[in-house]
Amino acid sequence: MENKKIEPIIVLGSGIVAGLTSKMLTNKGFDVIRVINKNTKALNKIFAIAPSSMTWFKNIGLSEFLINPNYPIKKIDIYYGREQESLRFDSKDSYKDALAFMVKEKDLSEAIDLSLNESAIKFLYKNEIIFENHEDYIKITNNKEDIYSNICLWCDSENFDDVYQHKIKKNRKDFCQQAITFNFIKDGDEINHAKQYFFSDSILALLPISENEISVVWSCDDKLADKLREFDDESFIIEFKSRINFGKQLISNFGRRSYFPIKQVLSEGLFDKRVLLIGDAAHTIHPMAGQGLNLGIRDIKSLEELIKTTKYIDIGIKGFLRKYERSRRSDTQQFSKLTTSLQWLFSSPNNVIQEINREGLKLVDNNRSIKNFFIKKATT
Ligand SMILES: Cc1cc2nc3c(=O)[nH]c(=O)nc-3n(C[C@H](O)[C@H](O)[C@H](O)COP(=O)(O)OP(=O)(O)OC[C@H]3O[C@@H](n4cnc5c(N)ncnc54)[C@H](O)[C@@H]3O)c2cc1C
């Protein structure tokens, strides 16, 4: 175990990225102070996790049993409209076991909590502290006790105003869309085969999470989402079934629907003084590619690598933070550009663009090296 600590590191946030960041830091021998929100709770999402992230979970000591990596996605079919033009990504084509693994937020959260060495972590509530960010130190005052730190890793995407206090400029894009998520049960054979449909008013992803259960992420423009919100269960299911094709297989047991507003938020810089943004706090992207959390995990891996390979004792110093910022720029920009462009292309009502999309899908489908390029991007 390495030990470069001089003061505890502050990790602010209640989500998965804050938990994983704390785990990585305690593994490296740092003491951690977690600043959490009092009244937040997990959103019970289901994540498609890249194989490289699953390997990293194992390496940092998360229980394989709890995060249940038994539901691999081996193939993904992409449809333009109602199953006319399609494109297949197959893990076999790239000599991989899977393109992604489906993991429940609840299981991942539990695995992180269990793995953390509580003795190395102190918890404070955000509404009970006074937070100060200075050039040379971070100061937290809690019940008249002053705590000093070199750095605060800010992993909370919820409170934008706080981030503004730290003068980090953020570019926001509202897609005017909402993601509707729910699960259902399908009869028939076990499936490891995901499907994603691009319609002009929505993008619908079907992701198997067990032998016969499927998780749905349906990203709808506001008009469709508002219409679907008004529907009773029966009308909703009729509309949903009209978009997909399961042949004669029975689908049933539709679960509760959750709605998430879809936005893109990208920070121009990643730090101000000694506050460093990590995860969705630094980059929130469209869920269509299932890459938001994977990007956050790659943030933590980069940080881990820099702690390991550089000689900084004070990791809140500008030289270190700049190195980190540079290491994350291209990955984050590539994924945000990819999701914004795909969203724009596939929702276009323009006939010429629609024709280009059809031809584009055929072109990619017939070209192994382009497919391998996309698979490599999504799985590492
Ligand atoms: C519909 C949808 C589907 C998605 N699917 C995928 C996917 O398949 N793969 C992928 O990589 N990314 C996916 N994402 C993106 C992913 O959800 C985010 O990138 C990820 O959750 C960011 O984590 P964070 O800790 O940085 O976010 P934060 O913003 O810090 O966490 C979210 C907020 O949720 C609350 N919270 C979360 N967990 C807890 C907890 N355990 N206890 C208390 N409060 C909690 C807190 O309020 C916290 O502020 C999806 C996003 C959406 C909207």
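Residue positions are given per chain, counted from 1 along the sequence in the order it is written. Where totals are concerned, whole chains, interfaces and linings use all residues; where local detail is concerned, this predicted model gives features only for residues with pLDDT of at least 70, and gives and counts side-chain atom pairs only at 80 or more. With hydrogens and water stripped out, all remaining heavy atoms of the structure feed into the side-chain values.

### Considering the site of the ligand
- Taken together, 30 residues lie around the ligand, and Lys45, Ala48, Cys155, Ser157 and Asp280 are the ones closest in.
- Polar contacts here mean pairs of N or O atoms no more than 3.5 Å apart (in protein, one a potential hydrogen donor and the other a potential acceptor; neighbouring residues in sequence count only if both atoms are side-chain atoms). Between an oxygen atom of the ligand and a main-chain N or O atom of Cys155, the distance comes to 2.8 Å.
- Between the ligand and Asp280 there is a distance of 2.7 Å, counted from an oxygen atom to a side-chain nitrogen or oxygen.
- Strands here mean DSSP runs of E at least two residues long; helices mean DSSP runs of H or I at least four residues long; both are numbered from the N terminus. Elements represented by at least two residues in the shell around the ligand include exactly helix H1 (16–27), strand E3 (46–49), helix H4 (105–115), strand E13 (170–186) and helix H8 (292–309).
- Ten residues, namely Ala, Val, Leu, Ile, Met, Phe, Trp, Tyr, Cys and Pro, are considered nonpolar, four, namely Asp, Glu, Lys and Arg, are considered charged, and the remaining ones, Gly among them, are considered polar. Considered class by class, the residues forming the shell around the ligand number 13 nonpolar, 11 polar and six charged. When at least one non-hydrogen atom of a residue lies within 4 Å of a molecule or strand, that residue is treated as near it.

### What to know about the sheet that holds strand E2 (residues 32–36)
- Strand pairing is assigned whenever DSSP identifies at least 2 bridges connecting the two strands. On the basis of which strands lie adjacent, the open sheet formed by six strands has the order E8-E2-E1-E12-E20-E19 and mixed pairing. Strands with a single pairing partner mark the edges of an open sheet, and in this sheet they are strand E8 (121–125) and strand E19 (271–272).

### Topic: the side chain of Asp156
- Inspection of the secondary structure assignment puts Asp156 in the loop between strand E12 (152–154) and helix H5 (160–165).
- For Asp156, which is buried and forms no salt bridge, the nearest opposite charge comes from Lys126, at a distance of 4.6 Å.
- A distance of 3.0 Å separates the side chain of Asp156 from the side chain of Asn37, its partner in a polar contact.
- Side-chain polar atoms of Asp156 contact the backbone nitrogen of Glu158, separated by 3.0 Å.
- Residues count as neighbours in contact if any of their non-hydrogen atoms are within 4.5 Å of one another. Filtering out sequence-adjacent residues up to four positions away, Asp156 remains in contact with Leu12, Gly13, Asn37 and Ala281. Each residue is placed in one exposure class: buried if its accessible area under a 1.4 Å probe, protein chains only, is under 20% of its type's maximum, exposed if it is over 50%, and partly exposed if it falls in between. We count Lys and Arg on the positive side and Asp and Glu on the negative side, and we leave His and both chain ends out. Each reported salt bridge corresponds to a side-chain nitrogen of Lys or Arg within 4 Å of a carboxyl oxygen of Asp or Glu.

### Description of the pattern of salt bridges
- Under the counting rule described, the total for this entry stands at 17 salt bridges.
- Note that Asp201 and Arg243 form a salt bridge whose closest N and O atoms lie 3.0 Å from each other. A residue pair is termed long-range when its members are at least 10 positions apart, and Asp201 in the loop between strand E14 (193–198) and strand E15 (202–208) and Arg243 in helix H7 (residues 233–243) qualify at 42 residues.
- We note a salt bridge from Arg298 to Asp331, for which the minimum N-O separation is 2.7 Å.

### Some details on H1
- Between its terminal C-alpha atoms H1 stretches 17 Å, which fits the 16 Å expected from 12 residues at 1.5 Å a residue.
- The element H1 is extensively covered by neighbouring structure, given that 11 of its 12 residues are classed as buried.
- All buried positions along H1 are accounted for by Ile16, Val17, Ala18, Gly19, Leu20, Thr21, Ser22, Lys23, Met24, Leu25 and Thr26.
- Following H1 by one or two positions, Gly29 has its phi on the positive side, about 95°. To estimate the expected span of a helix, subtract one from its residue number and multiply by 1.5 Å.

### Some thoughts on the confidence of the model for the protein chain
- Considering every residue of the protein chain, the mean pLDDT works out to 86; 84% of them sit at 70 or more.
- For the stretch residues 1–5, pLDDT sits under 50, and the model shows 20 contacts to residues farther than four places along the chain or on other chains. The quantity known as pLDDT measures the predictor's confidence residue by residue, on a range of 0 to 100.

### Notes on the state of the cysteines
- We call a pair of cysteine sulfur atoms a disulfide whenever their separation is within 2.5 Å. Using the criterion set out here, one finds zero disulfides in the structure.
- Here Cys155 stays free of any disulfide, with the sulfur of Cys152 as its closest cysteine sulfur at 7.8 Å.

### A look at the packing of aromatic side chains
- Here a Phe, Tyr or Trp ring, Trp counted by its six-membered ring, pairs with any other such ring whose centre lies within 6.5 Å, and the pair is stacked when the planes are under 30 degrees apart, edge-to-face when over 60, and tilted otherwise. Applying the stated criterion to the full structure yields 14 aromatic pairs.
- The interplanar angle of 65° and the centroid separation of 5.6 Å between the aromatic rings of Phe184 and Phe240 together place this pair among those described as edge-to-face. Of this pair, Phe184 sits in strand E13 while Phe240 is found in helix H7, placing the two residues 56 residues apart along the sequence. The two residues Phe184 and Phe240 agree in class, both being buried.
- Where Phe184 meets Phe254, the ring centres are 5.3 Å apart and the plane angle is 20°; that geometry is what we call stacked. Of this pair, Phe184 sits in strand E13 while Phe254 sits in the loop between strand E17 (251–252) and strand E18 (258–267), and the two are 70 residues apart along the sequence.
- You can call Phe254 partly exposed: its relative accessible area is 22%.
- Connected via pairs of aromatic rings, a cluster forms that spans Phe182, Phe184, Trp218, Phe236, Phe240 and Phe254.
- Charges are assigned to positions over rings by a cutoff of 6 Å between ring centre and Lys NZ or Arg CZ, combined with an angular limit of 35 degrees from the ring normal. Lying across the ring of Tyr259, Arg229 places its NZ or CZ 3.9 Å from the centre.
- The ring of Phe199 carries the charged tip of Arg243 above its face, separated from the ring centre by 4.9 Å.

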